[in-house]
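Residue-level listing of the chains:
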Amino acid sequence: MIFAVAKNRIWNLGHDRAAFVLSYVVPIVFFTLFGAIFGGDSGRDETRKVRVAVVREDESEQARRFVAGLQAEKGLDVLMAPSSRDGTVRAPFTAATAEAAVRAGTVPVALIVPAGFGEKPVRFGPSTDRPKIMLLADPSDPIAGEVLSGLVQRVTVTALAGVPAGSASLLEIERREVLGDKKARNPMIAFYAAGLGVMFLLFSAAGAGGALIEEVETGTLDRILSTRVSMGRLLAGKLVYLSWLAASQLLVMFLWGSLVFGLTMRGHWIGFVIMTTCTALAASTFGLLLAAISRSRMQLVAISNLAVLVMSAVGGSMFPRFLMPPLMQKFGLLTLNAWAIDGFQKVFWREEPLTHLWPQVLVLTAIALVFFTLARRIARKWEAA
Amino acid sequence: MDAPLAISQLTKSFGSQTALAGVTLDLAPGEILGLLGPNGAGKTTLVRSVAGRVRPDGGRLSLFGLPPTDAAAPALRGWVPQEICLYPLLTPWENLWTFGRYSGLSGAPLETAIAENLSWIGLADRAKDRTGNLSGGMKRRLNIAAGTIHGPKLLLCDEPTVGVDPQSRERIYGMIGELKARGVALLYTTHYMEEAERLCDRIAIIDHGRIIAAGTREELVRSALGDRQTVTIDSEAPVPPGLREKLARMGASADGRVVRLLADDPPRQIRELLGAFHDEGAAIRDLTLKRASLEEVFLLLTGRELRE
C-alpha cells in the first residue's frame, strides 16, 4: 500500500514534466551559482583584490615609495584617479573626490597620504611621531577596510623600512567611516531589509499570482470573464492588490528594522516611498507573469522557486553583490533584486539625493511595464476561444 | 422586443473536432428550455458560446438582439456554471458582493441585492460563515445566486443540481420556478430526465453538435414514439443468452436483469414476452406497462442513456 502511494506520486511527478525537470535542475543551478559567487579557482584572485582610491598629498620620496608599494601589492587594485570608460585621463583623486567615491560606492575604501607624510621616519614601537595616513571606509563593506589596513602595514615594511615584516605597527592609520547613521547598530541593516524584503516580495507575489491559476482550475475565471470584467481589467485589479501587498510588506520590514535595529526612517521617507512603489510594481508584475506562464499550481511553485532563488542569489539578496566576483556583479544587473537593493542603499545608506535614484526607478518601471505587457499577452490563452 | 436568445446555424470546431454543427434554437421570455444530450454532444460549447466564452465559427447568436460579447450583454445574461465557481475562503456575503460588483452593481442597489439574495437562498443566517464550510446544497444555491444577483433576463443554468440531496434539489426547483415567474428565460442543461420533464416548457435534444429534436415533452414523445408504450420486465436472475436472443427477435432489449420493449400492441407483445420467459424457465420479479417517457425518446434518438 505504501508503495502504491509512492508510485502514485511518482506518476504525478512524471506527468508534470516541468516540475520533474526542475526538481533536478534547481539544485544544480544553485550549486553552480554559489560556486561562482563564492569563488571557484577562476575568479579567486579577482575576488580578493580590494579596490582602493589613493590620494597622495605629499611629494616626498617616502610617500612616492609607499604609493608605489601599494600599487605593486597584488591584493590591491589601486586607483589614483577615477576610472573612465572612454579611456580619457582624469584628474587624480583629491581628499574630497576620494571621499565622494567611497560615499557613492565606487570604491569601498580610500587612502589619503597627507602632506608631511615623509617628514617622519618609519619606526617601531609606541610613538606619537610616526607617519600618519587616513583611511576612509564604507562600513557596508567591512572586509575591504580590514584587508587594506593589513596590507598597508606590509607595504610599509617592505617598501619603506626595508625590514622583515613584523607584527608591530609602523604607521599610524586614522580610520574614518564616511557613511552610515550613527544610530544604526548594524550598518548592514538597510541592505538586509532591502535584500531579504525584495526576495520575500517575489515569493509572495508568485504565491499570490497563483490565485489566478486557482481561478482557472476551478472555472471561476470563466465565470468572471462572462461578467463585465475583461482580462485586462482582471489583471490590472490583481496588479493593484499585489502591489499593495508588496508595498505593505516592505513597509513592515523597514519599520521592524527601525524599531529593532535602529534603522532611521526619518528623512528617508520620500526615497522609501519612491523605491517601494517601483519595487512593488516590478515584483507584482513578476508574480502575474509567472502565473500566466504556468499551467498548473505545481508548475508555478517549481518555476517561481527557481526564478526567485536564482534572482535573489545573483541579484544580491542573499549575499552583497559588491563582494561577488566582477562578472557576477554584472550578471546581477539582470535581476530586479539588484536594482531595488541599489536604490534602497542609495536612500538609506549613501543618503544620495533623490535625483540619483533615476536609473533604479527607470529600470524597475521598465521591468514592470514589460512584465505586465507579457503577462497580458500570455493571458490571451484564457480569453474566448 | 428581441428574443432573449436566438441562435441560428451556429457552428464551432476545435481543431478537427466539431463541437457545434449548425445549432438553431430560440428562447422566449419566461420560458425554460431544457437542453439534453449525451456527454460530448456539444451542450457545454453551446452554453459557453451564449456566455461569450466561446467564439463561434459561423451562424448567428444574439441575446436580446445583441452579440454575446457586446458590452451590454453581461447585464442581461446570468450564468450558473456546473462547477461551484465561488471563493471558498470568502463568506456568502463577500462572494455575492464580488459577483454583483463584477456584474455592474454598486452602492445601495448592490447591498440590497445581496440581502435579498441571501434570504432568497436561505443563507441569511450563514452570511458570515466561510463558503467552504457550507453544505453541498447551500453552495449550489449560492452558486445560483452569484449568477442571478444582478437580475439578468436570460439565465444559463448548467446542471445546477449535480450532487445535491433530494431535499436541496426540491429547493433549487423552487428557485428555478421563481425565476421563471419573474420572466427570466432559462437555458437549462441537465442529466436528470425527471428534472427536464418537470421544469422545462420545451426540451431540445442535442447530439453530435446538432439539435436532433425539440418541442414540448408531449410533442417529443408523440413524434418519436407515436402511441407506443413501454413494457419493462424485471427478471429474477440475469437474462441468459438464449432468452436474450429470443427477446431481441421480438424487438426487446435486455440489460442485466431488466428487459425493455416499446410496444405498439401491448397486450399481444406482453403475452409473447411472458411466453418466452416461460419457455426458458426464467422467473419474473416484476412487470410494468407505462406511457413512453422522455427517457425512451432520448434512447431512441441518441442510442445512449442520458447519464452515460
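Rules behind the numbers
- Residues numbered from 1 in each chain as written.
- Chains lettered and ligands numbered in written order.
- Predicted model: local features only at pLDDT ≥ 70, side-chain atom pairs only at ≥ 80, totals over all residues.
- Helix = DSSP H or I, 4+ residues; strand = E, 2+ residues; numbered from the N terminus.
- Buried ≥ 20, exposed ≤ 12 C-beta atoms within 10 Å, placed from the backbone.
- Contact = placed C-beta atoms within 7 Å.
- Pairing = 2+ DSSP bridges.
- Axes fitted to C-alpha atoms, helices over the stretch in contact; angles between N-to-C directions.
- pLDDT = per-residue confidence, 0-100.
- Parallel < 35°, antiparallel > 145°, perpendicular 65-115°, else oblique.
- Left-handed = near helix turned anticlockwise from the far one by under 90°.
- Nonpolar A, V, L, I, M, F, W, Y, C, P; charged D, E, K, R; others polar.
- Core = buried A, V, L, I, M, F, W, Y, C linked by C-beta atoms within 7 Å.

Enquirer: So what's going on with the overall build of chain B? Residues and values would help.
Expert: Looking only at helices and strands, chain B features eleven helices and 13 strands. Put simply, chain B has 308 residues, and 43% of those count as buried. Long-range contacts, defined here as pairs at least 24 residues apart, represent 70% of the contacts in chain B between residues at least 6 apart.

Enquirer: Kindly report on the overall build of chain A, identifying the contributing residues and their values.
Expert: Per the secondary structure count, chain A includes 14 helices and five strands. Put simply, chain A has 385 residues, and 37% of those count as buried.

Enquirer: Any details on the environment of Gly147(B)? Residues and values, ideally.
Expert: Inspection of the secondary structure puts Gly147(B) in helix H5 (residues 136-148). Taking C-alpha positions, Gly147(B) is 9.8 Å from Cys85(B), a pair spaced 62 residues apart along the chain.

Enquirer: Break down the sheet that holds strand S2 (residues 76-79) of chain A for me, citing the residues and quoting the values.
Expert: All names here are of chain A. As summarised here, the arrangement of the five strands in space is S2-S1-S3-S4-S5, forming an open sheet in which the pairing is mixed. Whereas interior strands pair on both sides, the edge strands pair on one side only; in this sheet they are S2 and strand S5 (172-177). Taking the axes of each pair of neighbouring strands and ignoring which way they run, one obtains an average angle of 25° across the sheet. Bridge analysis of strand S1 (residues 50-56) against strand S3 (residues 109-113) gives five bridges, and the strand direction is parallel. In the strand pairing of S3, Val52 is matched with Val109. With respect to the sheet, helix H4 (residues 61-72) is in contact with S1, S2 and S3, its orientation differing from that of S1 by roughly 165°.

Enquirer: Requested: an account of helix H3 (residues 92-102) of chain B, with residues and values cited.
Expert: Every buried residue belonging to H3(B) is among Pro92(B), Trp93(B), Asn95(B), Leu96(B), Phe99(B), Gly100(B) and Tyr102(B), and all of these are buried. Check the buried side of H3(B) and you find it contacts helix H8 (220-225) of chain A together with helix H4 (107-120) and H5 of chain B. Directly after H3(B), the chain includes Gly104(B), whose backbone phi takes a positive value near 105°.

Enquirer: Which residues make up the sheet that holds strand S10 (residues 229-235) of chain B, and what values go with them?
Expert: Residue and element names in this part refer to chain B. On the basis of which strands lie adjacent, the open sheet formed by four strands has the order S11-S12-S10-S13 and antiparallel pairing. Taken across any chain shown, the strands that pair with only one partner, and hence form the sheet edges, are strand S11 (253-255) and strand S13 (284-291). Averaged over all adjacent pairs, the angle separating strand axes in this sheet is 20°, with direction ignored. Where S11 and strand S12 (residues 258-263) come together, three bridges link them in antiparallel fashion.

Enquirer: I'd like to hear about the confidence of the model for chain A, residue by residue, with values.
Expert: Residues and elements named next belong to chain A. Counting all residues, the mean pLDDT for chain A is 81, and 86% of those residues have values of 70 or more. Mean pLDDT values over the elements of chain A span from 50, in helix H3 (residues 44-48), up to 96, in helix H14 (residues 358-378). Low confidence marks residues 40-46, where pLDDT is under 50. Its contacts with residues over four positions away, or in another chain, come to five contacts. Within the model, pLDDT remains below 50 along residues 163-168, and this stretch shows six contacts once partners closer than five positions in the same chain are excluded.

Enquirer: Let's hear about unusual backbone geometry: which residues, and what values?
Expert: All names here are of chain B. One non-glycine residue, Glu159, lies in the positive phi region at around 45°. With respect to the element layout, Glu159 can be found in the loop between strand S6 (154-158) and helix H6 (166-181). Judged by C-beta crowding, with 20 C-beta atoms within 10 Å, Glu159 ranks as buried. Positive phi outside glycine occurs at His208, with the angle close to 50°. As for its position among the elements, His208 is in the loop between strand S8 (202-207) and strand S9 (210-215). According to the C-beta neighbour criterion, His208 is partly exposed, with 15 such atoms within 10 Å.

Enquirer: Which residues make up the packing of H3(B) against H5(B), and what are the values?
Expert: All names here are of chain B. Between H3 and H5, the shortest axis-to-axis distance is 8 Å and the interhelical angle comes to 25°. Between H3 and H5, the crossing angle belongs to the class labelled roughly parallel. Crossing hand, H3 versus H5: right-handed. Packed against H3, whose contacting residues are Pro92, Asn95, Leu96 and Phe99, the element H5 presents Leu142, Ala145 and Ala146 at the interface. Class assignment for the residues of the contact of H3 with H5 results in six nonpolar, one polar and no charged.

Enquirer: Pulling in residues and values, what's your account of the interface of chain A and chain B?
Expert: One widely used convention gives an interface's size as the accessible area the parts lose upon coming together. Listed by partner, the interface residues are 13 residues for chain A and 14 residues for chain B. Broken down by element, the side of chain A that touches chain B gets its largest block of residues, five residues, from H8(A). Per-class residue counts for the side of chain A that touches chain B are five nonpolar, five polar and three charged.

Enquirer: Tell me what's going on with the nonpolar core, and back it up with residues and numbers.
Expert: Grouped together as the largest cluster of nonpolar side chains are 85 residues, with contacts concentrated most on Leu5(B), Leu33(B), Leu156(B), Leu186(B), Leu187(B) and Tyr188(B). The residues touching Leu187(B), leaving out its near neighbours within four places in the chain, are Leu5(B), Leu27(B), Leu33(B), Leu35(B), Val47(B), Val50(B) and Leu156(B). By size, the runner-up hydrophobic cluster in this structure holds 58 residues, among which are Ile189(A), Ala205(A), Met253(A) and Trp339(A).

Enquirer: Run through the environment of Leu136(A), naming residues and quoting values.
Expert: Residues and elements named next belong to chain A. One can find Leu136 in strand S4 (residues 132-137). A residue is classified by how many C-beta atoms lie within 10 Å of it, and Leu136, with 26 of them, is buried. Between the C-alpha atom of Leu136 and that of Leu281, which follows or precedes it by 145 residues, the distance is 37 Å. Those residues within four positions of Leu136 in sequence are excluded, and the remaining contacts are Ala98, Glu99, Val102, Val109, Ala110, Arg176 and Val178.

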